[in-house]
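# Overview (structure and organization)
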Amino acid sequence: MTTDNGQLDQFNDSFLRACAGERTTPVPVWFMRQAGRYMPEYQAVRGKHDFLTMCKRPELAAEVTIQPVDILGVDAAILFSDILIPLEAMGAGLSFQEGRGPVLSPPIRSRQQFQELHGIDPYEDLPFVMEAIRMLRKELEGRVPLIGFAGAPFTLASYLIEGGTTKSFVNIKRMAFEDPKLFHDLMSLITGVTIDYLTAQAEAGAQALQLFDTWAGVLGRADYEAFALPYAKRIVQALKQQNIPFIYFVFNGGHLIDLVKSAGADVMALDWRTDIAHATGHLGSDIVVQGNLDPAALFLPEDELRQRISRILQQGRGAKAHIFNLGHGIMPEIPVEKVKMAVDLAHQLSA
Ligand code: CP3
């Protein structure tokens, strides 16, 4: 591709430099769920294929991965897939039901059910993921880096044990307290699978990795330390070998930030409930932060959106480096123009 003045486009590595702790101008921007139903171009593909088929066909996954790079001008691409995909390869029944979200069936509640699950060979069992990564590296060459990802063990265990999305987390907490041996055996199995899976993504060409711990925030500090953190830590440590940046995102984890930091990831991703200034105030300025606009703020009129983005960028200057993102995924109801506006504002206001 060429720019207006006829020069060859340079590889945009601002995201990778920020991950490594460099303060970039402008700050890099990408959004969780940047490929998704809010975008008509995604809907056009999704209208022809169900979600799991899109995840399993590398050319479709690659196509929708690139859409936000072309349409929004974000500084990184994130592989189109889902954190629940490896659970199916472990032997769990996975489906996505319209209006109900993901369903894991049967839910894993006994040792006997646990014994039906097994480790994976990512190359054998999830070849479509590695193929999508290889295709994307070719298609993105000279543009932006590609982020791979996985769900953190506590979050994946919550889907396995609850059988889907839950509000109470009664079954996972019950297992952790009533049968800790079974709970820890399940967490160890998921941890091994996740290490193998992320290692394969890195070997296939992912240039950074993000671990999503969407539900660990339902734990108090002592329980996070006992039931979630050791496993996240094991994954972070194992992936250091790959020498690519590692981002750890605990949603709703404001009460855990010092523990989250102790997991040892290169980048800490924050949701909107935790000000970046709060994180640097407690942890010091030597952290690289990613975040943290409330996705719902994309419904604000331009002036107020600008003010909010500006405040976040200001706080980001108090950290070692900052990657602008949302505090959670883009909602399907958000107008595309607002998403694009947010990318442009974050770039302009930090240039
Ligand atoms: O961010 C990206 O653009 C990359 C792709 C991605 C998806 N899911 C695509 C997706 C990533 C990184 C995820 C992670 C994921 N999946 C998480 C962790 C992050 C978070 O949101 O907290 C979780 C908890 C899941 C589980 C999951 N997948 C749920 C609860 C749902 C249903 C919710 C809904 O919006 O319907 C999904 C489905 C899903 N994953 C969609 C997309 C684009 C919607 C599928 C569709 O088109 O119908």
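Provided above is the structure to which this section pertains.
Everything quoted here is computed from the prediction, not taken from an experiment. (Residues numbered from 1 in each chain as written. Predicted model: local features only at pLDDT ≥ 70, side-chain atom pairs only at ≥ 80, totals over all residues. Heavy atoms only, no water.)

Summing up its helical and strand segments, the protein has 17 helices and 9 strands in all. For 351 residues, the compact-globule estimate of 2.2 N^0.38 gives 20 Å, and the protein sits close to it at 19 Å. Counting only C-alpha atoms, the protein reaches 65 × 45 × 40 Å along its principal axes. Here the protein holds 351 residues, and the buried ones make up 56% of them. Partitioning the contacts of the protein with sequence separation of at least 6, the portion at a separation of at least 24 is 74%. For the protein, the computed accessible surface area is about 14500 Å², with 49% contributed by carbon and sulfur atoms. (Helix = DSSP H or I, 4+ residues; strand = E, 2+ residues; numbered from the N terminus. Rg over C-alpha atoms; globule rule 2.2 N^0.38 Å. Buried < 20%, exposed > 50% of the residue type's maximum accessible area, 1.4 Å probe, protein only. Contact = heavy atoms within 4.5 Å. Areas by Shrake-Rupley, 256 points an atom, 1.4 Å probe, with all protein chains shown as cover.)

Moving on: the site of the ligand. Around the ligand lies a shell of 21 residues, among which Arg 33, Arg 37, Tyr 42, Asp 82 and His 328 are the nearest. Between Thr 214 and the ligand, the recorded distance is 2.7 Å, taken from a side-chain N or O atom to an oxygen atom. Here His 328 contributes a side-chain N or O atom positioned 2.6 Å from an oxygen atom of the ligand. Here the ligand has 870 Å² of accessible area as a free molecule, and 88% of this is covered by the chains. Classifying every residue of the shell around the ligand by side-chain character gives 13 nonpolar, 4 polar and 4 charged. (Near = heavy atom within 4 Å. Polar contact = N/O pair within 3.5 Å; in protein donor to acceptor, adjacent residues only side chain to side chain. Nonpolar A, V, L, I, M, F, W, Y, C, P; charged D, E, K, R; others polar.)

Scanning the entire structure with this criterion turns up 17 salt bridges. Arg 17 is the salt-bridge partner of Glu 22, the closest N and O atoms lying 2.6 Å from each other. According to the relative accessible area criterion, Arg 17 is partly exposed, its value standing at 30%. Here the salt bridges do not stand alone but share partners, grouping Asp 13, Arg 17 and Glu 22 into one network. (Salt bridge = Lys/Arg side-chain N within 4 Å of Asp/Glu carboxyl O.)

Moving on, we get to the sheet that holds strand β8 (residues 288-293). Sheets are built from strands that pair by backbone hydrogen bonding, the pairs being arranged parallel or antiparallel. Read across the sheet, 7 strands follow the order β1-β4-β5-β6-β7-β8-β9 without closing on themselves; strand pairing throughout is parallel. A strand with exactly one partner marks an edge of an open sheet, and here the two such strands are β1 (77-78) and β9 (321-326). Alignment of β1 against strand β4 (residues 146-151), held across 2 bridges, turns out to be parallel. Considered in β4, the bridge of Ala 77 is made with Leu 146. (Pairing = 2+ DSSP bridges.)

The next subject is the nonpolar core. Counting residues in hydrophobic clusters, the biggest one holds 139 residues, and the most contacted among them are Tyr 224 and Phe 324. When residues in this core are grouped by element, the largest group, 12 residues, is from helix α11 (residues 180-204). (Core = buried A, V, L, I, M, F, W, Y, C linked by side-chain atoms within 4.5 Å.)

The next subject is the side chain of Gln 201. Examined against the element boundaries, Gln 201 turns out to sit in helix α11. For Gln 201, the contacting residues outside a window of four places in its chain are Leu 79, Val 129, Met 130, Ile 133, Gly 148, Phe 149, Ala 206 and Leu 209.

Before going further, it helps to examine the pairing of strand β6 (residues 246-250). Side-chain positions along a regular strand alternate between the two faces of the sheet. Of all 5 residues making up β6, 5 are buried, and the element is well covered by its neighbours. Residues of β6 alternate between two faces, with Phe 246, Tyr 248 and Val 250 on one and Ile 247 and Phe 249 on the opposite face, all of them buried. Where strand β5 (residues 208-213) lies against β6, 5 bridges are found, and the strand directions are parallel. Opposite Asp 213, over in β6, you have Val 250 as the bridge partner.

Attention now goes to the pairing of strand β3 (residues 101-105). Two elements, strand β2 (residues 93-97) and β3, share 5 bridges in a ladder whose sense is antiparallel. Across the sheet, Phe 96 pairs through a bridge with Pro 102, a residue of β3. Counting the residues between successive antiparallel strands, the hairpin from β2 to β3 contains 3 residues, one of them, Gly 99, with a positive phi of roughly 80°.

Of note, His 322 is situated in strand β9. For His 322, a relative accessible area of 4% translates into the label buried. Within the local environment of His 322, its side chain forms a polar contact with the backbone oxygen of Gly 291, the two atoms lying 3.0 Å apart. Apart from residues no more than four positions distant in its own chain, His 322 is found in contact with Ala 18, Val 27, Pro 28, Ile 276, Val 289, Gly 291, Ile 312, Leu 313 and Gly 316.

Moving on to the packing of helix α8 (residues 127-140) against α11. Viewed as axis vectors pointing N to C, α8 and α11 meet at an angle of 30°, and their least axial separation amounts to 9 Å. On the basis of their axis angle, the class for α8 and α11 is roughly parallel. In this structure, the crossing between α8 and α11 has a hand that is right-handed. Along the contact surface, α8 presents Val 129, Met 130, Ile 133 and Arg 134, while α11 presents Tyr 197, Ala 200, Gln 201 and Ala 204. Partitioning the contact of α8 with α11 into residue classes produces 6 nonpolar, 1 polar and 1 charged. (Axes fitted to C-alpha atoms, helices over the stretch in contact; angles between N-to-C directions. Parallel < 35°, antiparallel > 145°, perpendicular 65-115°, else oblique. Left-handed = near helix turned anticlockwise from the far one by under 90°.)

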